Amino acid sequence: MEEREYLKRYAIELQARKEAGLYREITVFCSAQEKQVRIEDKKYHMFASNSYLDLCNDPKIKEYVSEILQVYGYGSGGSRLTTGTTKIHQELENIIAEWKGREAALVYNTGYMANVGILSALAKAGDVIYSDALNHASIIDGCRLSKAETVVYAHNDMKDLERKIKQHPKRSGIIVSDGVFSMDGDIVDLPGMLELSRKYQLLTILDEAHATGVIGETGKGTEEYYHREGEVDLIMGTLSKAVGSEGGYVCGSKLLIEYLKNTSRSFIFSTALSPITMAASIAGIRKIQKEPKRVRALQENIRYFRELLQSYGMDVHTETAIFPIMAYTEEKAVEWMKELKEAGYYVPAIRYPTVEKKKARLRIALMATHQKEELYGLAQQLATKCREKEGKV
Ligand SMILES: *Cc1c(COP(=O)(O)O)cnc(C)c1O
């Protein structure tokens, strides 16, 4: 075959990634997404899933989804504004709006598409989007796709945010932040953010992907956690994490939701999700509402695991289901991941570009159904690794 010179640069870049410990490969699971999973013939304790409430394979939800499957089939056949909206789609949007205490809601195909579509529609040329330095990639891409100027403020630093707002006097704009930050597991300073939004008349958007089903007394998220319900202009989130299904959503005033319906390109130009995916989301949310003990079990696991790690002298203080265990170097993170896998724990190493270079870490995600013995077993493993790293053995 003739040489294809123009392909060489991709091979060179991949090789460089391999050498830097940054090469990514897909893990194939041979079981449902639950707290016990199978990879080939081996079983693992799952400590990596976003399915915080363990709702991806729930028998009751499957029953409901099967009923909807029999009636509506599995394909939606069109985009939401043409032929793709069924009564199931409409019902889900009503349920989300009611759950989050808003006038209206809109479901996108993914949370990624929601962020990209919301920011590119609402932020205009001449506007400023103030975005936290650790916001999710989908927010970053939404900023890039909008015609507004993006100003990144230091992570969760309201003093820096105010300084930057003052540098752009009289400009209209948006403050956007994760509610719970996806790689560090910490919670946004919502009171601070709301105060600045009022003072400078800026629209607020909160990404509740890792907050919904996790924080707040009944798992409603960041607003409930701070007892500031209904104050953020737009709440966006995903149905693919604690809810156990797939899809993204946004909710807020009728005005803003109607505006997005009419202008948000990732909502308009893509085929609607399947009615069965919508049904799984409906049943997942209903379950979270009807069984508060699920959210409480998750919150109890978070408390137990945090206190256990602290008792081993580890520097953790997360109140969410995400526990970053810092390895710093990419090689160390990958080595730890492999060792834990050998011991039967599936825990991912998170590396650049998901986090900064030399800030590689293990990212542990807890589930409501993890037993204390499983948490204890993993904590032992982690404590040993951290002690070794600090040369204390
Ligand atoms: C996962 C995630 C998203 C994207 O949601 P998907 O439904 O997976 O596309 C958006 N924002 C944050 C903070 C996330 O963690």
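Small disclaimer: the values here were computed from a predicted structure and weren't measured.

*Asks:* Account for unusual backbone geometry, with residues named and values stated.
*Replies:* A cis geometry characterises the amide bond from Tyr-352 onward to Pro-353, with omega recorded as 10 degrees. With respect to the helices and strands, Pro-353 occurs in the loop between strand E12 (349-350) and strand E13 (360-365). Even without glycine at this site, Lys-170 takes up a positive phi of about 65 degrees. Here Lys-170 is to be found in the loop between helix H6 (158-166) and strand E6 (173-178). On the basis of relative accessible area, Lys-170 is assigned to the exposed category, the value being 88%.

*Asks:* An account of the packing of aromatic side chains is needed here, citing residue identities and associated values.
*Replies:* With the rule as written, the count across this model stands at five aromatic pairs. Measuring from centroid to centroid gives 6.2 Å for Phe-47 and Tyr-345, while their planes differ by 40 degrees, and the two rings are tilted. One end of the pair, Phe-47, is in the loop between strand E2 (42-46) and helix H2 (59-72); the other, Tyr-345, is in strand E11 (residues 345-346), and 298 residues separate them in sequence. Residue Phe-47 is classed as buried on the basis of its relative accessible area of 0%. The buried category is assigned to Tyr-345, whose relative accessible area is 10%. Taking 5.7 Å as the distance between ring centres and 65 degrees as the angle between the ring planes, the aromatic pair formed by Tyr-108 and Phe-267 counts as edge-to-face. Placement of Tyr-108 in strand E3 (residues 104-108) and of Phe-267 in helix H10 (residues 265-268) is noted, with a sequence separation of 159 residues between them. In terms of burial, Tyr-108 and Phe-267 fall into one category: buried.

*Asks:* Tell me about the nonpolar core, and name the residues and values.
*Replies:* Counting residues in each nonpolar core, the largest one holds 91 residues, and the members touching the most others are Phe-305, Ile-325, Ile-364 and Leu-382. The contact partners of Leu-382, leaving out residues within four places of it in the chain, are Phe-305, Leu-309, Met-314, Ile-325, Leu-340, Leu-362 and Ile-364. Core analysis: the second largest hydrophobic core is formed by 24 residues, Cys-143, Ile-174, Val-250 and Phe-267 among them.

*Asks:* With reference to specific residues and values, describe the site of the ligand.
*Replies:* The environment of the ligand is made up of 15 residues, and the closest members are Gly-111, Asp-207, His-210, Thr-238 and Lys-241. Between the ligand and His-136, the relevant distance is 3.4 Å, taken from a nitrogen atom to a side-chain nitrogen or oxygen of the residue. A distance of 2.6 Å separates an oxygen atom of the ligand from a polar atom in the side chain of Lys-241. With the chains in place, 86% of the 380 Å² that the ligand exposes on its own is no longer accessible. Top element by residues in the shell around the ligand is helix H4 (residues 111-122). It accounts for three residues.

*Asks:* With reference to specific residues and values, describe the environment of Glu-208.
*Replies:* Here Glu-208 lies in the loop between strand E7 (203-207) and helix H8 (222-225). Separated by 30 residues in the primary sequence, Glu-208 and Thr-238 have C-alpha atoms spaced 7.3 Å apart. Ignoring anything within four residues of it in the chain, the contact list for Glu-208 reads Lys-100, Gly-179, Lys-220, Gly-221, Thr-222, Glu-223, Ile-235, Met-236, Gly-237 and Tyr-249. Here the side chain of Glu-208 touches Thr-222 through a polar contact of 2.6 Å, side chain to side chain.

*Asks:* I'd like to hear about H4, residue by residue, with values.
*Replies:* Relative to the 16 Å expected for twelve residues at 1.5 Å per residue, H4 spans 16 Å between its end C-alpha atoms, a close match to the ideal helical length. Counting buried positions over the twelve residues of H4 gives ten, a clear majority of the element. Taken residue by residue, H4 has Gly-111, Met-113, Ala-114, Asn-115, Val-116, Gly-117, Ile-118, Leu-119, Ala-121 and Leu-122 as its buried positions. N-capping of H4 is provided by Thr-110, with a side-chain oxygen placed 3.4 Å from the backbone N of Tyr-112.

*Asks:* Please set out the sheet that holds strand E9 (residues 248-252) residue by residue, giving values where relevant.
*Replies:* Taken in spatial order, the seven strands make up an open sheet running E3-E9-E8-E7-E6-E4-E5, and their pairing is mixed. Looking at which strands have only one partner, the edges of the open sheet turn out to be E3 and strand E5 (149-153). Averaged over all pairs of adjacent strands, the angle between their axes in this sheet comes to 20 degrees, without regard to strand direction. Bridge count between strand E4 (residues 128-132) and E6: four bridges; the pairing is parallel. Of the residues in E6, the one forming a bridge with Ile-129 is Ile-174. Helix H3 (residues 87-99) contacts E3 and E9 of the sheet and is inclined by roughly 125 degrees relative to E3.

Rules used in this analysis
- Residues numbered from 1 in each chain as written.
- Predicted model: local features only at pLDDT ≥ 70, side-chain atom pairs only at ≥ 80, totals over all residues.
- Heavy atoms only, no water.
- Helix = DSSP H or I, 4+ residues; strand = E, 2+ residues; numbered from the N terminus.
- Buried < 20%, exposed > 50% of the residue type's maximum accessible area, 1.4 Å probe, protein only.
- Phe/Tyr/Trp six-rings, centres within 6.5 Å; stacked < 30°, edge-to-face > 60°.
- Core = buried A, V, L, I, M, F, W, Y, C linked by side-chain atoms within 4.5 Å.
- Contact = heavy atoms within 4.5 Å.
- Near = heavy atom within 4 Å.
- Polar contact = N/O pair within 3.5 Å; in protein donor to acceptor, adjacent residues only side chain to side chain.
- Areas by Shrake-Rupley, 256 points an atom, 1.4 Å probe, with all protein chains shown as cover.
- Expected span 1.5 Å × (residues − 1).
- Pairing = 2+ DSSP bridges.
- Axes fitted to C-alpha atoms, helices over the stretch in contact; angles between N-to-C directions.

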